Amino acid sequence: MIKNKNIKKKYPEFELDLDMEIGDNTITAILGTNGAGKTTLFKSILGLIHVDQGSIAIDGTPVDSLPPSFKEKIGVVFPDSIVNEYLPIKDVQKIMKASYPHFDQARFEKLIDQFHLPKKSKIRSFSTGEKAKFKLICALTHEADLLILDEPTSGLDVIVREEILDMLRGFMKEEGHSIVISSHISSDLEHLCDDFYIIHDGTIRMHETMDRMDNYGVLKAGSLDEIDKSYALKALKTPYGWSVLTDQKQYYIDNFPHLVIEPASMDDVFSIVVQGESL
């Protein structure tokens, strides 16, 4: 679906430098702290900013050459992207209908009712959760095949975040759909995505599929001298000793019964990869 080959984008205090491929019929998570490069990556994919080097293609077509009919098949949510906040929903609906030939008005209205959004109020008066749901509804109702979602659950409570994730699960029930979603809340995406990238300071620090997450574990030790480093990836110092990430958990279970070995959650992987040190 998306192929980013050796792309670089340099700013005075930041540089994006990565290769990345995102497959069809998948949900790919882009994990990173604020300022890691997630938004720069998404804007590059959408052709909103030009990269200094490399190439970006969607379905084999360079982003600079995508026809309008293809762009209509991409649904986008950015933290600050929303139509005029002084408009009510009915006026936004008119804009959507005029902008997208395949706008599904019936589905739009059904989702507005399903999530109990205030139809007569101006968008600026919506709560944070209502705005998040409304932005996603707009992205979902013009027959998009690809969703690019930048921090769609940021700042939301647990209930609203789960409602957002349920909407995305529904979208993926149709063949030919893909989602690229970024977040710094890795636990939100643990049971949603098919694979994930961790980026930090503009570079990819890890790429893994969810199918392999059962192989990961966290070794607990008071000293790094206690750890066989054969399959140790990174180590993070904690107030209680060291947490060491491995993708060969069973090796340590079989050979080092004295070690405390815990399953690795996405939060564990994210924290240790970003904050830990190489061994």
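Residues numbered from 1 in each chain as written. Predicted model: local features only at pLDDT ≥ 70, side-chain atom pairs only at ≥ 80, totals over all residues. Heavy atoms only, no water.

A. Quick peek at the overall build of the chain. Of the regular secondary structure elements, the chain holds nine helices and 15 strands. Within the chain, contacts between residues at least 6 apart in sequence are counted, and of these 68% link residues at least 24 apart. Roughly 13,900 Å² of accessible area belongs to the chain as shown, and the carbon and sulfur atoms make up 48% of that amount. The averaged location of the 44 negative side-chain charges in the chain is 7 Å from the averaged location of its 31 positive side-chain charges. (Helix = DSSP H or I, 4+ residues; strand = E, 2+ residues; numbered from the N terminus. Contact = heavy atoms within 4.5 Å. Areas by Shrake-Rupley, 256 points an atom, 1.4 Å probe, with all protein chains shown as cover. Lys, Arg positive; Asp, Glu negative; His and termini not counted. Charge placed at Lys NZ, Arg CZ, Asp CG, Glu CD.)

B. Representation of the pattern of salt bridges. Across all of its chains, the model carries 13 salt bridges by this definition. A salt bridge links Lys9 to Asp52, with the nearest nitrogen and oxygen atoms 4.0 Å apart. Placement of the pair is Lys9 in strand S1 (residues 2-11) and Asp52 in the loop between helix H1 (38-45) and strand S4 (53-58), with a sequence separation of 43 residues. Here Lys9 falls in the buried class, since its relative accessible area comes to 14%. Across the pair Arg169 and Glu162 runs a salt bridge whose closest N-O atoms are separated by 2.9 Å. You can call Arg169 partly exposed: its relative accessible area is 29%. Among the charged side chains, a network of salt bridges with common partners joins Glu162, Asp166 and Arg169. (Salt bridge = Lys/Arg side-chain N within 4 Å of Asp/Glu carboxyl O. Buried < 20%, exposed > 50% of the residue type's maximum accessible area, 1.4 Å probe, protein only.)

C. The nonpolar core, seen in detail. Grouped together as the largest cluster of nonpolar side chains are 54 residues, with contacts concentrated most on Phe134, Leu147, Leu168, Ile179, Phe196, Ile198 and Val269. At seven residues, the largest contribution of residues to this core is made by helix H5 (residues 128-140). Once you skip the residues sitting within four places of it in the chain, Leu168 turns out to touch Leu136, Leu147, Leu149, Ile179, Ile181 and Leu192. One finds Ile2, Ile7, Leu16 and Phe78 within the second-largest nonpolar core, a separate group that totals 24 residues. (Core = buried A, V, L, I, M, F, W, Y, C linked by side-chain atoms within 4.5 Å.)

D. Looking closely at a negative patch on the surface. Taken together, Asp24, Asp59, Asp145 and Glu174 make up a surface patch of like negative charges. Within the secondary structure, Glu174 sits in the loop between helix H6 (158-171) and strand S8 (178-183). (Patch = residues over 30% accessible without salt bridge, like charges linked within 9 Å, V, L, I, M, F, W, Y side chains within 5 Å.)

E. Quick look at the layout of surface pockets. Approximately 600 Å³ is the volume attributed to the largest pocket. Lining the largest pocket are 28 residues, with Ile74, Gly75, Val76, Tyr100 and His142 sitting closest to its centre. Elements with a minimum of two residues in the lining of the largest pocket: strand S6 (74-77), helix H3 (89-99) and H5. If you add up the space inside the second largest pocket, you get close to 210 Å³. Along the walls of the second largest pocket sit 15 residues, with Pro79, Thr128, Lys131, Ala132 and Lys135 positioned nearest its centre. For the lining of the second largest pocket, the element with the highest residue contribution is H5, accounting for four residues. Looking at the lining of the second largest pocket, its residues break down into seven nonpolar, three polar and five charged. (1 Å grid on protein atoms, 1.4 Å probe; cavity = no way out; pocket = protein on both sides within 12 Å on 5 of 7 lines; lining within 4 Å. Points joined across faces, edges and corners; volume = space filled by probe spheres on them. Nonpolar A, V, L, I, M, F, W, Y, C, P; charged D, E, K, R; others polar.)

F. Representation of the packing of H3 against helix H4 (residues 105-114). Following both chains from N to C, one finds H3 and H4 inclined at 155°, their axes separated by 11 Å at the closest point. Taken together, H3 and H4 sit at an angle that is classed as roughly antiparallel. Crossing hand, H3 versus H4: right-handed. Contacts between H3 and H4 involve Ile89, Gln93 and Lys97 from the former and Gln105, Phe108, Glu109 and Ile112 from the latter. Residues of the contact of H3 with H4, tallied by class, amount to three nonpolar, two polar and two charged. (Axes fitted to C-alpha atoms, helices over the stretch in contact; angles between N-to-C directions. Parallel < 35°, antiparallel > 145°, perpendicular 65-115°, else oblique. Left-handed = near helix turned anticlockwise from the far one by under 90°.)

G. A look at the environment of Val83. Locating Val83 in the fold gives a position in the loop between S6 and H3. With 77 residues separating them along the chain, Val83 and Asn6 place their C-alpha atoms 34 Å apart. Filtering out sequence-adjacent residues up to four positions away, Val83 remains in contact with Val92 and Ile123.

H. Focus on unusual backbone geometry. One non-glycine residue, Asn6, lies in positive phi territory at about 50°. Mapped onto the secondary structure, Asn6 falls in strand S1. Classification of Asn6 by relative accessible area gives partly exposed; the value is 31%. Phi at Asp201 takes a positive value of approximately 50°, unusual for a residue other than glycine. By relative accessible area, which is 49% here, Asp201 ends up partly exposed.

I. Broad picture of the sheet that holds strand S9 (residues 195-200). Across the sheet, which stays open at both edges, the six strands sit in the order S6-S7-S8-S3-S9-S10 with mixed pairing between neighbours. Every other strand in the sheet has two partners, leaving S6 and strand S10 (203-209) as the edge strands with one partner each. Ignoring strand direction, the axes of neighbouring strands in this sheet form an average angle of 15°. Its contacts with the sheet place H1 against strand S3 (27-31), strand S7 (146-150), S8 and S9, and it is angled at close to 150° to S7. (Pairing = 2+ DSSP bridges.)

This is a description of form; function is not addressed.
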